[in-house]
Amino acid sequence: LSSLAMFGIGFWDDLKPLGARKKLLGQILVATVVYTCGIGIENLKNPLTEEIFALHGWGALLTILWLVAVTNLINLVDGVDGLAGGICLMLMALLAYQCNSSVQLLAAGMAGALLGFLRFNFPPARIYMGDGGAYFLGFQIGIFSLVSCQKGTIIAALVAPMFVLGLPIVDVALAILRRGLRGLPVFRPDRRHLHHHLLQMGFSRRKVVLCIY
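Conventions adopted
Residues numbered from 1 in each chain as written. Predicted model: local features only at pLDDT ≥ 70, side-chain atom pairs only at ≥ 80, totals over all residues. Heavy atoms only, no water. Helix = DSSP H or I, 4+ residues; strand = E, 2+ residues; numbered from the N terminus. Buried < 20%, exposed > 50% of the residue type's maximum accessible area, 1.4 Å probe, protein only. Contact = heavy atoms within 4.5 Å. Areas by Shrake-Rupley, 256 points an atom, 1.4 Å probe, with all protein chains shown as cover. Axes fitted to C-alpha atoms, helices over the stretch in contact; angles between N-to-C directions. Parallel < 35°, antiparallel > 145°, perpendicular 65-115°, else oblique. Left-handed = near helix turned anticlockwise from the far one by under 90°. Nonpolar A, V, L, I, M, F, W, Y, C, P; charged D, E, K, R; others polar. Patch = residues over 30% accessible without salt bridge, like charges linked within 9 Å, V, L, I, M, F, W, Y side chains within 5 Å. Salt bridge = Lys/Arg side-chain N within 4 Å of Asp/Glu carboxyl O.

A separate point is the overall build of the chain. Helix and strand content of the chain: 10 helices and 2 strands. For the chain, with 213 residues in total, the buried portion stands at 44%. Counting contacts in the chain only where the partners sit at least 6 residues apart, residues at least 24 apart contribute 65% of the total. Within the structure as shown, the chain displays about 11700 Å² of accessible surface, and the carbon and sulfur contribution to it stands at 69%.

Let us now look at the packing of helix 4 (residues 83-98) against helix 6 (residues 130-147). Where helix 4 meets helix 6, the axes come as close as 11 Å, and the angle between the chain directions of the two elements is 20°. The angle between the axes of helix 4 and helix 6 places the two elements in the roughly parallel class. Note on packing geometry: the crossing formed by helix 4 with helix 6 is left-handed. Along the contact surface, helix 4 presents C88, L91, M92 and L95, while helix 6 presents L137, Q140, I141, F144 and S145. Here the residues of the contact of helix 4 with helix 6 are counted per class, giving 7 nonpolar, 2 polar and no charged.

Among the surface-exposed residues, M90, V164, L210 and Y213 lie close enough to one another that they form a single nonpolar patch of about 310 Å² accessible area. Locating L210 in the fold gives a position in helix 10 (residues 205-212).

As far as function goes, none of this settles anything; it's purely spatial.
Have a look at this one:
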């Protein structure tokens, strides 16, 4: 239900632009509902000493930040046909490999769905993801990784997706820094992402996607 709600926010924006603030507030609301339903980060574990630290109220903040960040990250990556879908396929396959049985089946099912989607979304694309699809997939990746965390402790379920998303994270961080230094709105789109630079260098859309994969 929460994934469908996040899809609804993105789909509404596809039909009629909502504005960055309204979208962000909607995302925070959906993530907050998820946390209040019992899905969230409760503890941090030191990987060296195995010592567990209770987060108390900070757990809610970290959970909401994680869900909203991954959701928007996938949406920001969706700048070239097939790019966001392929990255989500990799992440779903990763989650299907490392998660517990219930999430494993959901992630495997989504991986299969993404294979079918990429058949028509890979350049030259015939169908498109849109904000609705990007929000839906990003939020599912975030929530699947939380559900698979044993006893609410951050383990590889959160760390591994961050490694897969390493290049997009750096790209988005540089975009935020670039806009901030110029005094521009952080959420304003531009054409200075990595895939835009590769396109300007003469790469075809298909080669750009394969290069980033």
